[in-house]
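Here is what each chain is made of, one letter per residue.
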Amino acid sequence: MSAPSPDLRLAVSPEDLAAAMSVRIEVFVGEQGVPEDLERDASDASADHFVAYLGGVAVGAARLLADHDGAILGRLAVLKAARGTGLGAALVRAVEARAAERALTSVRLHSQIQAEPFYRALGYTPYGEIELEAGIEHIWMSKIL
Ligand SMILES: CC(C)(COP(=O)(O)OP(=O)(O)OC[C@H]1O[C@@H](n2cnc3c(N)ncnc32)[C@H](O)[C@@H]1OP(=O)(O)O)[C@@H](O)C(=O)NCCC(=O)NCCS
C-alpha cells in the first residue's frame with residue numbers, strides 16, 4: 001500500500017490553528033527544550049499559519065509574518081516520525097506561495113544553525129552574524145521570490 005499523501009493547508013479554523021500549535025509545542029518545547037512562553041508569542045495573532053496532516057494526524061507547521069521588508073518564515077516544524085519525506089520543503093514552498101500571493105517579494109528567516117543546509121538547498125542565502133535565540137545558535141537567511 002502506498003503512503004498517504006500529506007494534506008497541507010492554511011490554518012484558519014480553530015481546529016487547524018490548535019493542530020499547528022500542537023506540532024510546534026511537541027518539536028520546539030518537547031524536543032528542543034524551548035520555554036513554552038517563548039514558543040507562543042504576540043506575532044501568532046497576526047501571522048498566517050500552516051498545518052500539514054498525514055493520515056489525519058497533524059505532523060507539520062509553519063507561519064508567515066509580513067513587515068515592510070517582506071515575508072518572515074518561522075516556526076517551521078515537522079514531527080520526528082514524519083521527517084525526511086519532503087514535508088518540511090513542502091511547507092517552505094507553501095509559505096513562499098502565500099508570500100507571493102500577498103505581493104511580498106522576499107522571504108527571510110532566522111535559521112537554527114543545524115537547519116542551514118536544509119534552507120540553503122531551497123535557495124536561501126545566509127547573512128549577518130550567528131546569534132543566540134532561545135539558547136540556540138541561529139543565522140539570518142533570505143531569498144528573493
Ligand atoms: C528542519 C525540518 C523542518 C526539516 O523537515 P523535513 O520534513 O525532514 O525536511 P524534508 O524531508 O523536506 O527535507 C528536504 C531536504 O532537506 C534535507 N534536510 C532536512 N533537514 C535537514 C537538516 N537539518 N540539515 C541538512 N539537510 C536537511 C533532507 O535530507 C532533504 O534532502 P533531499 O531533498 O536531498 O532528500 C525538520 O527536521 C524539523 O522540524 N526539525 C526540528 C525543528 C527545526 O529545526 N526547525 C527549523 C527551525 S529554523
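Rules used throughout
Residues numbered from 1 in each chain as written. Predicted model: local features only at pLDDT ≥ 70, side-chain atom pairs only at ≥ 80, totals over all residues. Heavy atoms only, no water. Core = buried A, V, L, I, M, F, W, Y, C linked by side-chain atoms within 4.5 Å. Buried < 20%, exposed > 50% of the residue type's maximum accessible area, 1.4 Å probe, protein only. Helix = DSSP H or I, 4+ residues; strand = E, 2+ residues; numbered from the N terminus. Contact = heavy atoms within 4.5 Å. Near = heavy atom within 4 Å. Polar contact = N/O pair within 3.5 Å; in protein donor to acceptor, adjacent residues only side chain to side chain. Areas by Shrake-Rupley, 256 points an atom, 1.4 Å probe, with all protein chains shown as cover. Nonpolar A, V, L, I, M, F, W, Y, C, P; charged D, E, K, R; others polar. Pairing = 2+ DSSP bridges.

Under an unreviewed UniProt entry, the name given to the chain is GNAT family N-acetyltransferase, and the source organism is Actinocorallia longicatena.

Looking now at the nonpolar core. In this structure, Leu 73, Tyr 119 and Tyr 124 are the most contacted members of the largest nonpolar core, which totals 39 residues. In terms of residue count, the dominant contributor to this core is helix α3 (residues 87-101) (seven residues). Among residues more than four places away in sequence, those in contact with Tyr 124 are Leu 73, Val 92, Glu 96, Val 107, Leu 109, Tyr 119, Met 141, Ser 142 and Lys 143.

This paragraph deals with the site of the ligand. Taken together, 21 residues sit near the ligand, with Leu 76, Val 78, Gly 86, Ala 89 and Gln 114 positioned nearest. Backbone polar atom of Leu 76 to a nitrogen atom of the ligand: 2.8 Å apart, as the coordinates give it. Gln 114 has a polar side-chain atom sitting 2.7 Å from an oxygen atom of the ligand. Here the ligand has 900 Å² of accessible area as a free molecule, and 67% of this is covered by the chains. Each residue belonging to the shell around the ligand can be placed in one class, and the counts come to 11 nonpolar, nine polar and one charged.

Strand direction decides the pairing type here: strand β5 (residues 106-112) and strand β7 (residues 136-144), joined by seven bridges, are antiparallel. From the neighbouring strand, Gln 112 faces β7, where its bridge partner is His 138. As judged from the six bridges shared by strand β6 (residues 125-133) and β7, these two strands associate in the antiparallel manner. By the bridge assignment for β7, Tyr 127 is matched with Trp 140. The loop that links β6 with its antiparallel partner β7 comprises two residues; one of these, Ala 134, has a positive phi angle of about 50 degrees.

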